[in-house]
Amino acid sequence: SLEDFRNVVKQAHDLGLKVILDWVPNHTSRDNAWITEHPDWYRRDSLGNPIVMYDWTDIAPLDYEKPEMRSAMLDAMTFWVREADIDGFRCDVAYEVPMDFWKIAKDSLVALKPDIFMLAEAEKPELNKSVFDAFYAWDFHHKMNMVAQGKENVDSLRLSLQRMNNNFSSNAIPMLFTSNHDENSWNGTEFERMGDAAKTFAVLSYMLPGMPLIYNGQEVGFNRRLQFFEKDSINWTDKGGFTDLYKSLNILKKNNKALLSQERDGKMTEIINDKSESVFSFKRVNEGNEIVCVFNLSKDVVKVVFDEEVPDTGFTAFPTAETVTPVKEMELKPWEYKVFYK
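All values reported here derive from a predicted model rather than from experimental measurement.

Taken in spatial order, the six strands make up an open sheet running β1-β4-β5-β6-β7-β8, and their pairing is parallel. Sheet topology places β1 (20–23) and β8 (211–212) at the edges, where each strand pairs with a single neighbour. The pairing of strand β6 (residues 134–136) with strand β7 (residues 173–176) spans three bridges and is parallel. Paired with Tyr136 across the two strands is Met175, which belongs to β7.

What follows is about helix α11 (residues 242–255). Over its 14 residues, α11 runs 20 Å from end to end, which matches the ideal 20 Å to within 8%, given 1.5 Å per residue. Along α11, the residues classified as buried are Phe242, Leu245, Tyr246, Leu249, Leu252 and Lys253. Looking straight down α11, one finds that the buried residues subtend no more than 125° of arc, so they occupy a single side. Turned more than 90 degrees away from the buried face of α11 sit Asp244, Lys247, Ile251, Lys254 and Asn255, all of them exposed. On its buried face, α11 sits against α9 (190–194), α10 (198–207), β8, β11 (289–296), β13 (316–318) and β15 (337–341).

Considered as a void within the structure, the largest pocket measures approximately 1900 Å³ in volume. As for the largest pocket, its lining consists of 42 residues, and the residues nearest its centre are Lys18, Ile20, Phe117, Met211 and Pro212. When residues of the lining of the largest pocket are traced back to their parent elements, those giving at least two are β1, β5 (117–120), β7, α8 (181–187), β8 and α11.

Turning our eyes to something else, we now look at the pairing of β7. Side-chain alternation along β7 places Ile173 and Met175 on one buried face and Pro174 and Leu176 on a second face that is also buried. Across two bridges, β7 lies against β8 in parallel orientation. Bridge pairing in β8 links Met175 to Met211.

Applying the stated criterion to the full structure yields 24 salt bridges. Across the pair Asp63 and Lys66 runs a salt bridge, and its minimum N-O distance is 3.7 Å. Given the relative accessible area of 25%, Lys66 is considered partly exposed. A salt bridge links Glu183 to Arg193; the shortest N-O distance between them is 3.7 Å. Separated by 10 residues along the polypeptide, Glu183 in helix α8 and Arg193 in helix α9 bring together distant segments of the chain.

Attention now goes to the nonpolar core. Core analysis: the biggest nonpolar cluster contains 39 residues, and Phe140, Phe201, Leu204, Met207, Phe280, Phe295 and Leu297 have the highest contact counts within it. Of all the secondary-structure elements, those providing two or more residues to this core are α6 (138–148), α7 (154–167), α10, α11, β10 (279–286) and β11. Considering every element that reaches this core, the biggest residue donor is α10, with seven residues. Setting aside anything within four residues of it in sequence, one finds Leu297 in contact with Val147, Val154, Leu157, Thr200, Phe201, Leu204, Ser278, Phe280 and Trp335. Counting 36 residues, the second-largest nonpolar core is a separate cluster that includes Tyr64, Ala94, Trp102 and Ala105.

With an omega of -15°, the peptide bond between Val310 and Pro311 qualifies as cis. Among the secondary structure elements, Pro311 is positioned in the loop between β12 (302–310) and β13. Backbone torsion omega between Phe318 and Pro319 reads 0°, so that peptide bond is classified as cis. Assignment of secondary structure puts Pro319 in the loop between β13 and β14 (327–332). For Asp85, which is not a glycine, the phi torsion comes out positive at approximately 60°. Within the secondary structure layout, Asp85 lies in the loop between α3 (67–84) and β4 (88–91). Overall, Asp85 belongs to the partly exposed group, its relative accessible area being 36%. The phi angle at Glu287 is positive, at roughly 50°, despite the residue not being glycine. As for its placement among the helices and strands, Glu287 is situated in the loop between β10 and β11.

Looking at the element boundaries, Ile104 is found in helix α4 (residues 99–112). Residue Ile104 is classed as partly exposed on the basis of its relative accessible area of 45%. Separated by 30 residues in the primary sequence, Ile104 and Leu74 place their C-alpha atoms 8.6 Å from one another.

Analysis parameters
Residues numbered from 1 in each chain as written. Predicted model: local features only at pLDDT ≥ 70, side-chain atom pairs only at ≥ 80, totals over all residues. Heavy atoms only, no water. Pairing = 2+ DSSP bridges. Helix = DSSP H or I, 4+ residues; strand = E, 2+ residues; numbered from the N terminus. Expected span 1.5 Å × (residues − 1). Buried < 20%, exposed > 50% of the residue type's maximum accessible area, 1.4 Å probe, protein only. Arc of directions from axis to C-beta. Contact = heavy atoms within 4.5 Å. 1 Å grid on protein atoms, 1.4 Å probe; cavity = no way out; pocket = protein on both sides within 12 Å on 5 of 7 lines; lining within 4 Å. Points joined across faces, edges and corners; volume = space filled by probe spheres on them. Salt bridge = Lys/Arg side-chain N within 4 Å of Asp/Glu carboxyl O. Core = buried A, V, L, I, M, F, W, Y, C linked by side-chain atoms within 4.5 Å.

Here it is as structure tokens:
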């Protein structure tokens, strides 16, 4: 019931958590009540049937040329903020919805909750200029897959980050992920796509500027494709120490201001090394906190020399909490990473 959901949101807030809803503004199912109650609210073909987008035969696209439909969509979004005190929306296929609707929607939502959080399931810079806080970093995700498979090297990751910095506003938050609902079901688990590099790229997604995503089951190393259109179950037995890893990463990200997102975080500066095609080394500094990272993003043992001591003095190793001695060179095993903090 609505009261049940209100209680869920309240308890989440009491625990210091935020609750956002997955919102699908581009289309409905073909058995939605609107199909019969408001048939003119849908985009239809010459025969009067809802059009088929891509190969999505089970959905009916909405027509944003209809003011009544827009009004109903906005009423539905504001209802959940007003009546259940949710904190934002993850907007499905956000790139297919007209920009002028998003601007109106954002104004209405901000009037109810000034810090409303908006995540676009899209990678379209104009969406983040005035409406959305965060976006799906699809390009970087695909590059991680390619590097993990040995098809590209670290330079492709650098270029992807550069494209993000050049194309998106400085406040736009990339959501970084090694898996999600689409990837897991259609392209394989992170273990299928990334193999032995899966854990390494999970750590990288926490260290870079942005917001990491943990998809269902990743926190226990669940290694199976979930069925997309059927109810499916996850075995919550941890495999491979992923629960402790994600717990440690969450604590580190929460407690170290160098890892806060975007306008509040520490700028990323690359540490020059002599194996730049394989080793990605960088640091982030903010308000007395500092993170230094070294990632061997290859299947080979690499001996690397840095242009400066890594890390500097006073650092602790993650996740062991051991004190470390600065060095100018180190040997890294395949896919080995080292993270230091202070």
